[in-house]
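# Chain and residue survey
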Protein chains: 2
Amino acid sequence: MAGGTGSRFWPMSRPNHPKQFIDIFGQGKTMLQSTFERYSKLCPRENIIIVTSEAFEDKVRMQIPSLLDHQVLCEPTRRNTAPCVAYAAAIINEINPNANIIVSPSDHAIFGDSQFEHDLGEAISVTDKHDWIVTLGATPSNPNTKYGYIQFAEDPSLSEDCNLHKVVTFTEKPPLEMAMQFIQSGEFLWNAGIFVWRLPVLMEAYRKFLPNVADNFFSLGIASPKEDIERAYTAVEKISVDFGIIEKAENVHVMKSTFGWSDVETWDSLYQTCNKDDYGNAIAAGEVMLYDCNDCMIHVADGRTLIVKDLDDYIVNVTEKKVLICPRNQEQMIAKFASDFYLKNEK
Amino acid sequence: MAGGTGSRFWPMSRPNHPKQFIDIFGQGKTMLQSTFERYSKLCPRENIIIVTSEAFEDKVRMQIPSLLDHQVLCEPTRRNTAPCVAYAAAIINEINPNANIIVSPSDHAIFGDSQFEHDLGEAISVTDKHDWIVTLGATPSNPNTKYGYIQFAEDPSLSEDCNLHKVVTFTEKPPLEMAMQFIQSGEFLWNAGIFVWRLPVLMEAYRKFLPNVADNFFSLGIASPKEDIERAYTAVEKISVDFGIIEKAENVHVMKSTFGWSDVETWDSLYQTCNKDDYGNAIAAGEVMLYDCNDCMIHVADGRTLIVKDLDDYIVNVTEKKVLICPRNQEQMIAKFASDFYLKNEK
């Protein structure tokens, strides 16, 4: 899934150039490229389907030039993730009606590639044998109030060695106090938004919980004309696969991941995930010379050098067209700066 | 004179791209272009000779494409201003041996173009009639310790209406206390580095005070081969026209300028010369969105937008390749940052 428009990461992430297309960790590859590479180790490259918005098709094909025509699906309108997954499922159904499918965001950070490969391999071996939906749960490192939490329970009938658990509850974006209780209890995992299921299981769940989406999308195929795709998107409401299916289905299990995970949706979550220097500065990317700076979150786009003296607890983001300097504890203001900027520049 | 390498204005000004070639006030023209335009109102454009270093010839010709071959003189080595002026004088001597000559830096700021035009016109009318050297003196607005000061005395024999005065003393870069006394006395002007004299007066002064420079340079001409120019530069010492001639000659008068002047050699002097917003921020150039910022000095190169929240008393400079963020009172550190940068990047 590569259609998101990360708005809280401005100016690094912009409406027409969102996070999945950016090298946020300065690794020489964008999040989409990293995600593609990660899944290329789990299945043949040509089995990866990328769903994005029409406006981003060129970016996707530019960043992964090897993609065949049918590997990029373009959404004419934004309908959240349930229609997106259904569209991809319909295409996969033409190729292999019994395929194991991993549904995954393309703009999340994964720490520990070999653990990731191991966990996903296990998940597929589970869905291969059972008509289950396996969702990946990350061990929470802090009481994040922006994440979804999955409460799990031990189930003696499940194999111990693949960390599989029964799902008890889903809680989206709990208040801080609740999130703290969740963490203390040790019974909760972060919902990493990665779902593994076989195609017949997926289709059955859609037919049961989102029959309108199933009716409109499962008849689509590689050869479908653009009008049919547009008609399908027009016929359905915005709904997420989490809310529409995963939280309602009874055959959902959660696998406790052994890799680290972050959705890196905000400057603060990027700061949390980055390595820090001796003074607490997180330099996600770029050539940076710091003098007497502490606890700063820094991201500099390609080629530029940032020189800073005497700055504590600031975000500094240098992009091709913009420079943002903002205290880390004022991050919630950034949406306003972005809206001011576009108001000013669209006149 | 366009050969300087402003080092204290980093990173806006760089050794290979010094201040005269930069649009430091965001006016859509560089200091060289502004200076050229200013003098174009006083004499035909083709009478303007620009002396620069060989390395900068392309920059000069790119910024002022109308220049004829002989209007750009290239210095093979840096010898300060006395040889530079002598070289230009030799060329002018071939065109008009009785020319009035204005010697001027190309990287200073002038405020009040019509006053400038008026004052220089007056100065030329003086040198046209008298065998005098007229130097322009700016009224000091603060006890700047980086400037040269000219003490003047009323001279009843001089015409009142052109603000001409006898020169009593020259003092280069006085200590702060002395500078403050200078200002209080009302008898001192800043040496703006602009000298007006007729060619025979100039040549006579050189022959008297810098005979070695005169011998080596006055024989040069438009057709001189490169070797002759190199030989002349090799034969002389580094010496400024101020120290070598103006401070020694007896026929020097100072004209109190009615225009504003600054050599804008440092971020602080740029701050002093810029208009401020209601919060004391000086935005010299660029698209800037400030939120709760005070007393900042900001310069953003073409096309970028700077967004800043909660910054007081900082310099923020955004160039094509670098971003500097530094407290205004730490400006003296910038030379170190620049040297660290070049050490790091020349490896």
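Residues numbered from 1 in each chain as written. Chains lettered and ligands numbered in written order. Predicted model: local features only at pLDDT ≥ 70, side-chain atom pairs only at ≥ 80, totals over all residues. Heavy atoms only, no water.

### Some words on the overall build of chain A
A tally of helices and strands in chain A yields 11 helices and 16 strands. Relative to its length of 347 residues, chain A is compact, with a C-alpha radius of gyration of 21 Å against a globular reference of 20 Å. For chain A, the spread of C-alpha atoms along the three principal axes comes to 60 × 50 × 35 Å. Across the 347 residues of chain A, 55% fall into the buried class. When contacts within chain A are restricted to residue pairs at least 6 apart in sequence, those whose partners lie at least 24 apart make up 64%. Element-wise, carbon and sulfur atoms account for 48% of the exposed surface of chain A, whose accessible area totals about 15,400 Å². For chain A, the distance from the average position of its 32 positive side-chain charges to the average position of its 48 negative side-chain charges is 5 Å. (Helix = DSSP H or I, 4+ residues; strand = E, 2+ residues; numbered from the N terminus. Rg over C-alpha atoms; globule rule 2.2 N^0.38 Å. Buried < 20%, exposed > 50% of the residue type's maximum accessible area, 1.4 Å probe, protein only. Contact = heavy atoms within 4.5 Å. Areas by Shrake-Rupley, 256 points an atom, 1.4 Å probe, with all protein chains shown as cover. Lys, Arg positive; Asp, Glu negative; His and termini not counted. Charge placed at Lys NZ, Arg CZ, Asp CG, Glu CD.)

### Some remarks on the packing of helix α3 (residues 81-95) of chain A against helix α6 (residues 199-209) of chain A
Residues and elements named next belong to chain A. At a closest axis distance of 11 Å, the pairing of α3 and α6 adopts a crossing angle of 135°. In terms of their interaxial angle, α3 and α6 are classed as oblique. In this structure, α3 crosses over α6, and the sense of that crossing is left-handed. Between α3 and α6, the contacting residues are Thr81, Ala82, Val85, Ala86, Ala89, Ile92 and Asn93 on the first element and Leu199, Leu202, Met203 and Tyr206 on the second. (Axes fitted to C-alpha atoms, helices over the stretch in contact; angles between N-to-C directions. Parallel < 35°, antiparallel > 145°, perpendicular 65-115°, else oblique. Left-handed = near helix turned anticlockwise from the far one by under 90°.)

### A word on the relation of the copies chain B and chain A
Each copy of the sequence occupies a distinct position, and chain B is placed on chain A by a rotation of 179° and an axial shift of 0.0 Å, giving an RMSD of 0.1 Å. Here the symmetry operator amounts to a two-fold rotation axis. The rotation axis passes nearest to the C-alpha of B:Val323 in chain B, at a distance of 4.2 Å. Here 100% of the contact residues of chain B are again contact residues in chain A; the copies associate through an equivalent surface. (Least-squares fit on C-alpha atoms with pLDDT ≥ 70 in both.)

### Here we look at the interface of chain B and chain A
With 32 residues of chain B at the contact, the number on the chain A side is 32 residues. In total, chain B and chain A occlude about 2,700 Å² of area from one another, counting both sides; carbon and sulfur atoms represent 62% of this. It is B:Ile307, B:Lys309 and B:Ile325 that lose the most area in chain B upon contact with chain A, and together they represent 24% of the buried surface on that side. Summed over the shared surface of chain B and chain A, the result is two salt bridges. Among the salt bridges present, the one from A:Glu287 reaches B:Lys344, with a minimum N-O distance of 3.4 Å. At the boundary of chain B with chain A, the tally comes to 18 residue pairs in polar contact (both at pLDDT 80 or more). Mapped onto the side of chain B that touches chain A, the elements with two or more residues apiece are β12 (287-291), β14 (305-309), β15 (314-318), β16 (322-327) and α11 (334-346) of chain B. (Buried area = accessible area lost by both parts, 1.4 Å probe. Salt bridge = Lys/Arg side-chain N within 4 Å of Asp/Glu carboxyl O. Polar contact = N/O pair within 3.5 Å; in protein donor to acceptor, adjacent residues only side chain to side chain.)

### What to know about unusual backbone geometry
All names here are of chain A. That bond from Trp10 to Pro11 is cis: its omega, 0°, falls within 30 degrees of zero. Relative to the elements of secondary structure, Pro11 occurs in the segment before α1 (31-40). Although it is not a glycine, Val264 sits at a positive phi angle of roughly 30°. Among the residues examined, Val264 registers a relative accessible area of 0% and is labelled buried.

### Some remarks on the environment of A:Asp69
As for its position among the elements, A:Asp69 is in the loop between α2 (57-63) and β2 (72-75). Separated by 231 residues in sequence, A:Asp69 and A:Val300 place their C-alpha atoms 34 Å apart.

### Structural notes on the environment of A:Glu117
All names here are of chain A. Relative to the elements of secondary structure, Glu117 occurs in helix α4 (residues 113-129). For Glu117, a relative accessible area of 33% corresponds to the partly exposed category. Spatially, the C-alpha atom of Glu117 lies 7.3 Å from that of Lys41, the residues being 76 residues apart in sequence.

### Notes on the pattern of salt bridges
Residues and elements named next belong to chain B. This model, assessed by the stated rule, comprises 28 salt bridges over all chains. When the shortest N-O distance is used, the salt bridge between Asp268 and Arg328 registers 3.4 Å. One end of the pair, Asp268, is in helix α10 (residues 267-273); the other, Arg328, is in the loop between β16 and α11, with 60 residues separating them in the sequence. Accessibility expressed as a relative area gives 33% for Asp268, which makes it partly exposed.

### Re the confidence of the model for chain A
Detailed reading of the predicted coordinates is not advisable wherever pLDDT is low. Per-residue pLDDT for chain A has a mean of 93; in total, 98% of the residues score no lower than 70. Complex prediction metrics read pTM 0.82 and ipTM 0.80. (pLDDT = per-residue confidence, 0-100.)

### Describing the sheet that holds β15(B)
Strand order in the open sheet made by the six strands is β12(A)-β14(A)-β16(B)-β15(B)-β13(B)-β11(B), with mixed pairing throughout. The sheet terminates laterally at β12 (287-291) of chain A together with β11 (282-285) of chain B, the two strands that pair on one side only. Here the strands of the sheet are splayed against their neighbours by 10° on average, with no regard to which way each runs. Where α11(B) meets the sheet, it contacts β12 and β14 (305-309) of chain A together with β15 and β16 of chain B, and its direction lies at approximately 145° from that of β12(A). (Pairing = 2+ DSSP bridges.)

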